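# Observations on chain architecture
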Amino acid sequence: MSNKKHGCSPGESPFTNGITNGAAWYSVIGGMQDFNYLATNCFEITLELGCKKFPREAKLETKWEDNREALLTYIEQVHKGIKGTVRDTNNNPIADALIQVDGIGHDVTSINTGEYWRLLLPRVYRVHASAPGYIRETKVVTVGPAVSIVDFTLEEGAATEKPDIDQQELCDGLFWFTDTDCWNVDQGP
């Protein structure tokens, strides 16, 4: 976006390593990124590869070649975290089931086929699936460098939770823990 001497505009400070937080550079109120993140399961970004909003056509192939591997590597990051389905005991998909991860204040929902996906960094999580008219199910999930498949089967009944998993059982042997969490010993908190 910029070189070490100047930013995109005369007198503008350069971006550290060519990177800036977009909100610190310029603000877009009511943009689709905010709406899609908050109201759907969509995670959008804006990626600007230079100071010119509309580079000349002759420069487009070079821009692609210069950034292709980085962009493809970025796209591959969607294969981290968890994904799976939420179904009832008759194997019917449950749409709009709520998927909650302890300690993360952003929930996702399943689509009409019962599928869901959630980006997560590698570590151990307590994940809950719930839907109106079903008993909430909780699973302890160890997320590694690749996506983990975590399917839920919800039983019909009052919206109550199955007995919780004991924290010592969650972390026994492989992990150390606090009152609310545990980590792989090699990774730390």
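Residues numbered from 1 in each chain as written. Predicted model: local features only at pLDDT ≥ 70, side-chain atom pairs only at ≥ 80, totals over all residues. Heavy atoms only, no water.

### A look at the confidence of the model for the chain
A residue-level look at the chain finds 70% of positions with pLDDT of 70 or above and a mean pLDDT of 79. Every residue in residues 167–189 scores below 50 in pLDDT, and together they form 40 contacts with partners more than four places removed in sequence or on other chains. (pLDDT = per-residue confidence, 0-100. Contact = heavy atoms within 4.5 Å.)

### Some thoughts on the pairing of strand β4 (residues 115–118)
Here β4 shows a clear split, with Y116 and R118 buried on one side and none of E115 and W117 buried on the other. Examined bridge by bridge, strand β1 (residues 82–88) and β4 share four bridges and lie antiparallel to one another. Within the sheet, the bridge partner assigned to T85 lies in β4 and is E115. (Buried < 20%, exposed > 50% of the residue type's maximum accessible area, 1.4 Å probe, protein only. Helix = DSSP H or I, 4+ residues; strand = E, 2+ residues; numbered from the N terminus. Pairing = 2+ DSSP bridges.)

### A look at a nonpolar patch on the surface
There is a patch of nonpolar side chains on the surface, built from F43, I45, L47, L49, W64, L72, Y74, I75, V78 and L119 and spanning about 950 Å² of accessible area. Position of F43 among the secondary structure elements: in the loop between α2 (32–39) and α3 (57–75). The exposed category is assigned to F43, whose relative accessible area is 52%. (Patch = residues over 30% accessible without salt bridge, like charges linked within 9 Å, V, L, I, M, F, W, Y side chains within 5 Å. Areas by Shrake-Rupley, 256 points an atom, 1.4 Å probe, with all protein chains shown as cover. Salt bridge = Lys/Arg side-chain N within 4 Å of Asp/Glu carboxyl O.)

### Remarks on the environment of V143
Tracing the sequence through the fold places V143 in strand β6 (residues 137–143). A sequence separation of 22 residues divides V143 from L121, and the C-alpha atoms of the two residues are 7.0 Å apart. Apart from residues lying up to four places away in sequence, V143 is in contact with G81, I82, L120, L121, P122, R123, Y125 and S148.

### Thoughts on the side chain of E137
Structurally, the position occupied by E137 is in strand β6. We note that E137 is buried and unpaired, the nearest opposite charge coming from K139 at a distance of 4.2 Å. Within the local environment of E137, its side chain forms a polar contact with the backbone nitrogen of T153, the two atoms lying 3.1 Å apart. (Lys, Arg positive; Asp, Glu negative; His and termini not counted. Polar contact = N/O pair within 3.5 Å; in protein donor to acceptor, adjacent residues only side chain to side chain.)

### A short note on the pattern of salt bridges
Within the structure shown, the criterion is met by three salt bridges. Ionic pairing is found between R68 and E65, a salt bridge with its closest N-O pair at 3.2 Å. With R68 and E65 both in helix α3 and three residues apart, the pair spans about one turn of that helix. Judged by relative accessible area, E65 falls into the partly exposed class, the value being 41%. Between E69 and R68 there is a salt bridge, with its nearest N and O atoms 3.8 Å apart. Residues joined in a network through salt bridges with shared partners are E65, R68 and E69.

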